[in-house]
Amino acid sequence: MKNKLSPLTLLDPGKLKVLLSLGFKGYLAEKGWFGAYKTKSAIDENGNAIPWVTYSFIDLVKGRIHKQHDIFEFGSGNSTIFYAQLAGSVYSVEHDKDWYERSAKINMANVKMIQCDLVPDGDYCRSAVATGKKFHLVIVDGRDRVNCCKQAVGSLTDDGILVLDDSERSEYLEAHRFMKANGFKNLPFSGMAPGVIVSKCTTVFYKSNNCLGI
């Protein structure tokens, strides 16, 4: 078949040269994708911690999150460090006890780590509510994501936004419907993420006069 990719096509010197050059120049090299892939961690081109979300979303928020913003995130790690460097405070909940112990070693004064066992539609998805605080951004990148969206929306400030990672997954369609029914618009950021070889999507749910100026 004419259009079938063959081993001979892959051995084409021109194509091989282009593929090999990707590690030294171009978008993926500039973003540090190869270092993230090699280390299996979310890092940028300088080895600094970044969230495991799409690069296009990172480009949006890194210039718009400021010290007057308070953030709550479901799921901790390099994202916690990244957000804490930009925001006034970061509350991060983790269900995995081993991962919680690792994340709890993040030595940043504006980070508060929370450990909560995972029970679907239980205390975990209500962790933001349990703080009694209002947050400018809620990042949903942990488990039980649909319930996290439903519960955490009440913990947003009037200008707050909610971010759902891996929002392209069909099991999260209910979250999209819920946010729309509650008056939120959505802005999807599709594309590559650190060290990930497939395209994914990170969606921002927002209203007018939101804290990021969208």
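Chains are numbered independently. Their residues run from 1 in the order of the written sequence. Selection of residues for local features in this predicted model requires a pLDDT of at least 70, selection of side-chain atom pairs for listing and counting requires 80 or more, and totals for whole chains, interfaces and linings are taken over all residues. Side-chain measures were taken over the full set of non-hydrogen atoms in the model, leaving aside hydrogen atoms and water.

1. Structural notes on the overall build of the protein chain
Put simply, DSSP H or I for four residues or longer makes a helix, DSSP E for two residues or longer makes a strand, and each gets a number counted from the N terminus. Scanning the protein chain from N- to C-terminus turns up 10 helices and seven strands. Counting over 214 residues, the protein chain shows a buried share of 46%. Sequence separation of at least 24 residues holds for 53% of the intrachain contacts in the protein chain that already meet a minimum separation of 6. The Shrake-Rupley method, run with a 1.4 Å probe, gives the accessible areas here. Residue values count only the displayed protein chains as cover. In the form shown here, the protein chain has an accessible surface area of approximately 11,600 Å², with 54% of it arising from carbon and sulfur atoms. Only protein chains enter the calculation, and the probe is 1.4 Å; a residue is then buried if its accessible area is under 20% of its type maximum, exposed if over 50%, and partly exposed in between. The contact criterion used is simple: two residues touch if any of their non-hydrogen atoms lie within 4.5 Å.

2. Digging into the side chain of threonine 54
Secondary-structure assignment places threonine 54 in the loop between α4 (33-39) and α5 (55-61). Taking the relative accessible area as the measure of exposure, threonine 54 reaches 0% and is therefore buried. Aside from chain neighbours lying at most four places away, what touches threonine 54 is Phe189, Ser190, Gly191, Met192, Ala193, Lys200, Cys201 and Thr202.

3. Quick notes on the environment of arginine 64
Turning to its location among the elements, arginine 64 is positioned in the loop between α5 and β1 (70-74). Placed 22 residues apart in sequence, arginine 64 and leucine 86 show a C-alpha to C-alpha distance of 8.8 Å. Under the rule applied, a polar contact is a pair of N or O atoms within 3.5 Å (in protein, one hydrogen donor and one hydrogen acceptor; residues adjacent in sequence only if both atoms are side-chain atoms). A polar atom in the side chain of arginine 64 sits 3.4 Å from the backbone oxygen of glycine 213.

4. Looking at helix α6 (residues 78-86)
Buried within α6 are the following residues: Ser79, Thr80, Phe82, Tyr83, Ala84 and Leu86. Check the buried side of α6 and you find it contacts α5, β1, β2 (89-94), β3 (111-115) and β4 (135-140).

5. A short note on the pairing of β4
Within a regular beta strand, the side chains point alternately toward one face of the sheet and then the other, so they alternate between its two faces. Burial within β4 is extensive, with six of its six residues counted as buried. Pairing between strands requires that DSSP locate at least two bridges from one strand to the other. In this sheet, β4 lies alongside β1 in parallel orientation, the contact comprising four bridges. Counted as the bridge partner of glutamate 73 is isoleucine 139 from β4. When β4 meets strand β5 (residues 156-165), the two strands line up parallel, connected through five bridges. Counterpart to isoleucine 139 in the pairing with β5 is valine 163. We call a crossover right-handed when, viewed with the strands running away from us, the connection from the first strand over the helix to the second turns clockwise. In this fold, β4 hands off to helix α9 (residues 145-152), which returns the chain to β5; that crossover is right-handed.

6. Concerning the sheet that holds strand β6 (residues 185-191)
An order of β3-β2-β1-β4-β5-β7-β6 is seen for the seven strands of this open sheet, with the pairing classed as mixed. Strands at the two margins of the open sheet, each flanked by one partner only, are β3 and β6. Ignoring which end each strand starts from, the neighbouring axes of this sheet average 15 degrees apart. As a rule, the C-alpha atoms of each element are fitted with a line to give its axis, helices using only the stretch in contact, and angles between N-to-C directions run from 0 to 180 degrees.

7. Focus: the layout of surface pockets
There is about 580 Å³ of room inside the largest pocket. Broken down by secondary-structure element, the contributors of at least two residues to the lining of the largest pocket are α6, β2 and α7 (97-103). Charged means Asp, Glu, Lys or Arg here, nonpolar means Ala, Val, Leu, Ile, Met, Phe, Trp, Tyr, Cys or Pro, and polar covers whatever is left, Gly included. Of the residues assigned to the lining of the largest pocket, the class counts are nine nonpolar, nine polar and seven charged. Only protein atoms enter the 1 Å grid, on which a cavity is a set of points fitting a 1.4 Å probe that cannot get out and a pocket is an open set with protein on both sides within 12 Å along at least 5 of 7 lines, lining residues being those with an atom within 4 Å of a point. Grid points are joined across faces, edges and corners, and a volume is the space filled by probe spheres set on the points.

8. Thoughts on the pattern of salt bridges
When a carboxyl oxygen of Asp or Glu lies within 4 Å of a side-chain nitrogen of Lys or Arg, that pair is called a salt bridge. Tallied over the entire structure, the rule returns nine salt bridges. One salt bridge connects arginine 169 with aspartate 166, and the closest N-O pair in it is separated by 3.5 Å. Looking at aspartate 166, the relative accessible area reads 9%, which means it is buried. One network of salt bridges, with partners in common, ties together Asp141, Arg145, Asp165, Asp166, Arg169 and Lys200.

9. A closer look at the nonpolar core
Counting 28 residues, the largest nonpolar core has Phe57, Ile65, Ile71, Tyr83, Leu137, Ile161 and Val204 as the members making the most contacts within it. Put simply, the parts of the chain that give this core at least two residues each are α5, α6, β3, β4, β5 and β7 (200-206). Here this core gets five residues from one element, more than from any other, and that element is α5. Ignoring any residue separated from it by four or fewer positions in sequence, one finds valine 204 in contact with Phe57, Leu60, Ile161, Leu162, Val163, Lys185, Asn186, Leu187, Phe189 and Ile214. Membership of the second largest hydrophobic core comes to 25 residues, among which are Tyr91, Ile114, Tyr124 and Val140. The nonpolar core is taken to be a set of buried Ala, Val, Leu, Ile, Met, Phe, Trp, Tyr and Cys residues, with the residues joined through side-chain atoms within 4.5 Å.

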